Amino acid sequence: MAKIKELLNDNESVMAFDIDGVLAIMEWGEHNHFGLIDDDWKKACKEKVIEFGEDKVSKTMLKFIRDKDLSRMHVITMVYGDREGEFKKVFAKKYYGIPEENFYTVSSNKEKVEVLSKIKNKYPDIKDEKIIMIDDSTEVLNEIMKKSNYSTVHISSFLDM
């Protein structure tokens, strides 16, 4: 078993999940992964309620998180504005039980490594490798790998668990 899978199953590990493509499956368009381009998504989030409903819950991720200590589960997600952040926060709490105080938004994916450091400050006695970011973006994961000693997991690792 790869060391990362050991860390994922270690009860001491602290995990941070992205929302889009990780906790929320990317099935927004009729024939595509997404129904809107980014500018249209930004506008939609400002003008109406975007429903992150039960149909967006990943059964695999729900099963994985179900037996974990939820106080050690966090979300770090990029948003285009406060309303989108609220939609995602409700989703993470309602369907995954992620505590509101463990929910973080960033306006740029490059900020995720900084938020991981804030999370690490809550757990000063654990090794950096036990702080784990789970994301679908290799750009995000590479940035974290480059700038820290935290562990990174691509969502594809969950295909084989």
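Residues numbered from 1 in each chain as written. Predicted model: local features only at pLDDT ≥ 70, side-chain atom pairs only at ≥ 80, totals over all residues. Heavy atoms only, no water.

Draft legend 1. Here's a closer look at the overall build of the chain. Per the secondary structure count, the chain includes 6 helices and 5 strands. Reading the helices (α) and strands (β) of the chain from amino to carboxyl end gives α-β-α-α-β-α-β-α-β-α-β. Counting only residues that meet the buried cut, the chain has 46% of its 161 residues in that class. Here the contacts in the chain between residues at least 6 apart in sequence split such that 71% fall between residues at least 24 apart. (Helix = DSSP H or I, 4+ residues; strand = E, 2+ residues; numbered from the N terminus. Buried < 20%, exposed > 50% of the residue type's maximum accessible area, 1.4 Å probe, protein only. Contact = heavy atoms within 4.5 Å.)

Draft legend 2. Inspection of the packing of aromatic side chains at higher detail. If you walk through the whole model with that rule in mind, you get 3 aromatic pairs. Centroid distance Phe-64 to Phe-158: 5.0 Å. Interplanar angle 80 degrees. Geometry classified as edge-to-face. A residue pair is termed long-range when its members are at least 10 positions apart, and Phe-64 in helix α3 (residues 59–66) and Phe-158 in the segment after β5 (151–154) qualify at 94 residues. Here the two residues Phe-64 and Phe-158 agree in accessibility, since each one is buried. (Phe/Tyr/Trp six-rings, centres within 6.5 Å; stacked < 30°, edge-to-face > 60°.)

Draft legend 3. Structural context of the sheet that holds strand β4 (residues 131–135). Ordered by their spatial adjacency, 5 strands build an open sheet running β3-β2-β1-β4-β5, and the pairing between neighbours is parallel. Taken across any chain shown, the strands that pair with only one partner, and hence form the sheet edges, are β3 (103–106) and β5. Pairs of neighbouring strands in the sheet enclose a mean axial angle of 25 degrees, with direction left out of account. With 4 bridges joining them, strand β1 (residues 14–17) and β4 adopt parallel strand pairing. Opposite Val-14, over in β4, you have Ile-131 as the bridge partner. (Pairing = 2+ DSSP bridges. Axes fitted to C-alpha atoms, helices over the stretch in contact; angles between N-to-C directions.)

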